[in-house]
Amino acid sequence: MTSVRVAVRVRPLNKREKQLSSKVIIHMKEKTTTIQKPTVRGDELKGVGKTFSYDFSYDSSDRRSPTFASQEKIFRDLGFEVLKAAFEGCNACVIAYGQTGSGKSYTMMGPSHDKGLIPRICEGLFWELSHRSKSDAVTFHTEVSYLEICNERVQDLLKKRASPADDGGLSVREHPRHGPYVENLSKHVVQSYSEVESLIILANANRTTASRGVNDFSRRSHAIFTIMFTQVWFDAEPLYETVSKIHLVDLAGSEKVDPTRTVGGRLKESADINKSLVTLGHVISALADLGVGVSTTKPIFIPYRDSVLTWLLKDSLGGNSKTTMIATVSPADVNYMETLNTLRFASRAKNIVNSPIVNDNGSMKVMRELQAEVTKLNQLLKEPTQVGREVPLSSVDVKEELNETKSLQAVALTKNRSSTWRETLNILQEETVTLRKEGSGVVLDCCLPHLIGVGEDLQKTGIALYYLKEGRTIIGSGKASCTQDIVLHGPGLLSVHCVLENIAGTVTLFPQDGALCLVNGSVVTDPCQLTQGAIIQLGKGATLWFNQPTASQLRLKYQSGLPSVFSPSVTDSSNSTENLSKAMVQNRGYKDAIKLTALVTDKSANLASQRS
């Protein structure tokens, strides 16, 4: 359990505020921030201020001041903790909140000559990786994504839109284990800071901006830059893997309509921004009540799903993350109410309590528990007199306890794999697909005409093969009332996009009305017979390769009698299990589990013999 860290940063007076002869009303001392009420003629409360205490108070209003907080200082205080959490295997998040023009984007991104947190964290990450990668005992994998939320729609900033009318809105889903995610959001593998820098430049050019009354280059969307960071240790027995997510969030500015001179479409845009920020305030208030233990007769409801922003930040606010919030404020008296509201907002956020954990691989965790059991048994064998000092145990009791532990751990290890194996077995028992070894590779044969998915994402693992049985095969996006035989994902796909008809090995494509279908680069609107090697594009992204086994290939296949380890007799369940185990034992993690289980059995037997 850890509380959200909160920092407040005040910027210098800007050009507009100087033209209005604004007075400085923000004063900082160590961790406290004080806001003075503006002078009003005849006001009895003249000079009265409010003082707030935070984890960090950064005075960046005067570069000549000895207490000036530079971008480097903020990175050392906040960015180092983010990197530390990532290398520990935990999630981390930094959120910048504040009024329009208060310095959020400057703090998070910064200009090229004075970089902000996002580029400095990325640079620090790869600097550390360059030192740690000198060892062969550990390997690293880094991916990045960048999105914006504009008018409650999610846009991928690392993808160019097909046309100005294409809003590129992506759907938000929720995984039962990993939490909310954006469907079809592009993820880019990066191996150096220069690659990240190029992606950031591309994304910033695509981000929505507009001129406002208080800021000529105001960001009119929430932006979330995410780093997915994986570490695998090969010197551990068994393998040890952690996966960390770093969310770096630059929120759109909260604002009043009049000072920003907002009209027309920008008025609706501001309303959507303020709505999401109000929802964020409700979420933080509810979480703060939970954190301080406010007594209530009804359970406290957290309205995460009231906005896309809070839904995506669900883990970062009250969940599995080490979170830092930076509240940026203006020093000018003309922004007194907005600044006061920001300081109150940040003060509430201090009460949020998160529950960060190390995100390691579940099956590897089970194997580590097996390894711990082996270590425990070794100690029992070396020091038999230490066993049962408080509660004596007979050799039979010890043996039964260890056998029970072994059984429970073996069940836990294989539970997640069993459904996958069963599905694989059912597919291969249909006798339409067989496996055979050819040199150092494994060849997947299919006696029926079939399609092979050719994805745009070259980093995606796995190969999709769709075999075409005799008769009709419906292809669509999965949103139809009927059930499709092949479900694809991508822009421009209809719920029922096309039908493939296989008659005695001859396959014909029937496009549906309004569906974009291309065969070998040519648009198809009428039925089209497919030939070997045809490239089929459905919609704007889904691409398939058509393969049609010839009669000679099929004859050679059946004459050779290709064996399949997944095709045992239905009545021989013992042979089925044995062949299945032989096939899957090539997985290193599974071999480790078998090895550990065997050690548990051996140690149990030795201990029982010593007791007798």
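Basis of the calculations
Residues numbered from 1 in each chain as written. Predicted model: local features only at pLDDT ≥ 70, side-chain atom pairs only at ≥ 80, totals over all residues. Heavy atoms only, no water. Helix = DSSP H or I, 4+ residues; strand = E, 2+ residues; numbered from the N terminus. Contact = heavy atoms within 4.5 Å. Salt bridge = Lys/Arg side-chain N within 4 Å of Asp/Glu carboxyl O. Buried < 20%, exposed > 50% of the residue type's maximum accessible area, 1.4 Å probe, protein only. Pairing = 2+ DSSP bridges. Disulfide = S-S within 2.5 Å. Expected span 1.5 Å × (residues − 1). Phe/Tyr/Trp six-rings, centres within 6.5 Å; stacked < 30°, edge-to-face > 60°. Lys NZ or Arg CZ within 6 Å of the ring centre and 35° of its normal. Axes fitted to C-alpha atoms, helices over the stretch in contact; angles between N-to-C directions. Parallel < 35°, antiparallel > 145°, perpendicular 65-115°, else oblique. Left-handed = near helix turned anticlockwise from the far one by under 90°. Nonpolar A, V, L, I, M, F, W, Y, C, P; charged D, E, K, R; others polar. pLDDT = per-residue confidence, 0-100.

### Regarding the environment of Cys-528
Then comes step 1: In this structure, Cys-528 sits in strand β29 (residues 528-529).
Then comes step 2: Separated by 19 residues in sequence, Cys-528 and Leu-509 place their C-alpha atoms 5.1 Å apart.
Then comes step 3: Aside from chain neighbours lying at most four places away, what touches Cys-528 is Val-507, Thr-508, Leu-509 and Val-519.

### A look at the pattern of salt bridges
Then comes step 1: All told, the structure shown has 14 salt bridges when counted by the stated rule.
Then comes step 2: Across the pair Arg-76 and Glu-72 runs a salt bridge, and its minimum N-O distance is 2.9 Å. In this pair, Arg-76 and Glu-72 both sit in helix α2 (residues 71-87), 4 residues apart, roughly one turn of the helix.
Then comes step 3: By relative accessible area, Arg-76 is classed as partly exposed at 47%.
Then comes step 4: Notably, a salt bridge pairs Lys-314 with Glu-174, separated by 2.9 Å at the nearest N-O pair. Taken together, the residues Lys-314 in the loop between α8 (308-312) and β17 (322-329) and Glu-174 in strand β10 (residues 172-175) connect sequence positions 140 residues apart.
Then comes step 5: Given the relative accessible area of 28%, Lys-314 is considered partly exposed.

### Describing the pairing of strand β9 (residues 153-156)
Then comes step 1: Relative to β9, strand β8 (residues 138-150) runs antiparallel, the two being bridged by 4 bridges. Within β9, the residue paired with Ile-149 across the bridge is Val-154.
Then comes step 2: Where β8 folds back on β9, the antiparallel hairpin that results is connected by 2 residues, among which Asn-151 adopts a positive phi of roughly 55 degrees.

### Describing the environment of Asn-320
Then comes step 1: Its location among the elements puts Asn-320 in the loop between α8 and β17.
Then comes step 2: Along the sequence, Asn-320 and Ala-92 sit 228 residues apart, while their C-alpha atoms lie 8.6 Å from each other.

### Regarding unusual backbone geometry
Then comes step 1: Positive phi, close to 65 degrees, is recorded for Glu-152, a residue that is not glycine.
Then comes step 2: Examined against the element boundaries, Glu-152 turns out to sit in the loop between β8 and β9.
Then comes step 3: In this structure, Asn-520 takes a positive phi of about 55 degrees despite not being glycine.
Then comes step 4: Structurally, Asn-520 can be placed in the loop between β27 (517-519) and β28 (522-523).

### Notes on the state of the cysteines
Among covalent bonds in proteins, the disulfide is the one between the sulfur atoms of two cysteines.
Then comes step 1: Counted according to the given criterion, the structure contains 0 disulfides.
Then comes step 2: Between Cys-517, a free cysteine, and Cys-498, which holds the nearest cysteine sulfur, the sulfur-to-sulfur gap is 4.9 Å.

### Observations concerning the sheet that holds strand β31 (residues 542-547)
In a beta sheet, neighbouring strands pair by backbone hydrogen bonds and run either parallel or antiparallel.
Then comes step 1: The sheet built from 6 strands is open, its strands ordered β22-β21-β31-β30-β27-β28 with antiparallel pairing. Two strands lie at the open edges of the sheet, namely β22 (465-467) and β28, each paired on one side alone.
Then comes step 2: Relative to β31, strand β21 (residues 450-453) is paired through 4 bridges, and the arrangement is antiparallel. Looking at the pairing, His-450 lines up with Asn-547 of β31.

### A few points about the sheet that holds strand β23 (residues 471-476)
Then comes step 1: Ordered by their spatial adjacency, 5 strands build an open sheet running β24-β23-β25-β26-β29, and the pairing between neighbours is mixed. Looking at which strands have only one partner, the edges of the open sheet turn out to be β24 (486-487) and β29.
Then comes step 2: By the bridge criterion, 6 bridges tie strand β25 (residues 498-503) to strand β26 (residues 506-511) in an arrangement that is antiparallel. Across the sheet, the residue bridging to Leu-500 is Leu-509, located in β26.

### Section: α2
Then comes step 1: The terminal C-alpha atoms of α2, which comprises 17 residues, lie 23 Å apart, in line with the 24 Å expected from a rise of 1.5 Å per residue.
Then comes step 2: Looking one or two residues beyond α2, the residue adopting positive phi is Gly-89, at roughly 95 degrees.

### Describing the packing of aromatic side chains
Then comes step 1: Taken as a whole and assessed by the stated rule, the structure comprises 9 aromatic pairs.
Then comes step 2: When the centroid spacing of 5.8 Å and the interplanar angle of 5 degrees are considered together, the rings of Phe-140 and Phe-229 count as stacked. With Phe-140 in strand β8 and Phe-229 in strand β15 (residues 222-233), this pair connects stretches of sequence that are 89 residues apart. Residues Phe-140 and Phe-229 agree in their burial class; the two are buried.
Then comes step 3: Members of the aromatic cluster, joined through ring pairs, are Phe-87, Phe-140 and Phe-229.
Then comes step 4: The ring of Phe-87 carries the charged tip of Arg-132 above its face, separated from the ring centre by 4.1 Å.

### Points about the pairing of strand β11 (residues 179-182)
Then comes step 1: Strand direction decides the pairing type here: β10 and β11, joined by 4 bridges, are antiparallel. Across the sheet, the residue bridging to His-175 is Gly-179, located in β11.
Then comes step 2: Connecting β10 to the next strand, β11, in antiparallel fashion are 3 residues.

### Describing the packing of α2 against helix α4 (residues 117-132)
Then comes step 1: Their axes nearest at 9 Å, the elements α2 and α4 cross at an angle of 50 degrees. Relative to α4, the element α2 lies oblique. The handedness of the crossing between α2 and α4 comes out as right-handed. For the pair formed by α2 and α4, the contact residues are Gln-71, Glu-72, Ile-74, Phe-75, Gly-79, Val-82, Leu-83 and Phe-87 on the first element and Leu-117, Arg-120, Ile-121, Gly-124, Leu-125, Glu-128, Leu-129 and Arg-132 on the second.
Then comes step 2: Within the contact of α2 with α4, the residues separate by chemical class into 9 nonpolar, 3 polar and 4 charged.

### Some thoughts on the side chain of Thr-279
Then comes step 1: For Thr-279, the position within the fold is in helix α7 (residues 264-292).
Then comes step 2: Not counting the four nearest positions on each side in its chain, Thr-279 is found in contact with Pro-303, Asp-306, Ser-307 and Thr-310.

### Re the packing of α4 against helix α5 (residues 193-206)
Then comes step 1: At a closest axis distance of 9 Å, the pairing of α4 and α5 adopts a crossing angle of 160 degrees. In terms of orientation, α4 lies roughly antiparallel with respect to α5. Two packed elements cross with a definite hand, and for α4 against α5 that hand is right-handed. Judged by residue contacts, Ile-118, Pro-119, Cys-122, Glu-123 and Phe-126 of α4 engage Tyr-193, Val-196 and Ile-200 from α5.
Then comes step 2: For the contact of α4 with α5, the per-class residue count stands at 7 nonpolar, no polar and 1 charged.

### A few points about the confidence of the model for the chain
Then comes step 1: Of the residues in the chain, 70% have a pLDDT of 70 or more, and the chain-wide mean is 79.
Then comes step 2: Note that pLDDT drops below 50 for residues 554-591; the model gives that stretch 42 contacts with residues more than four away or on any other chain.

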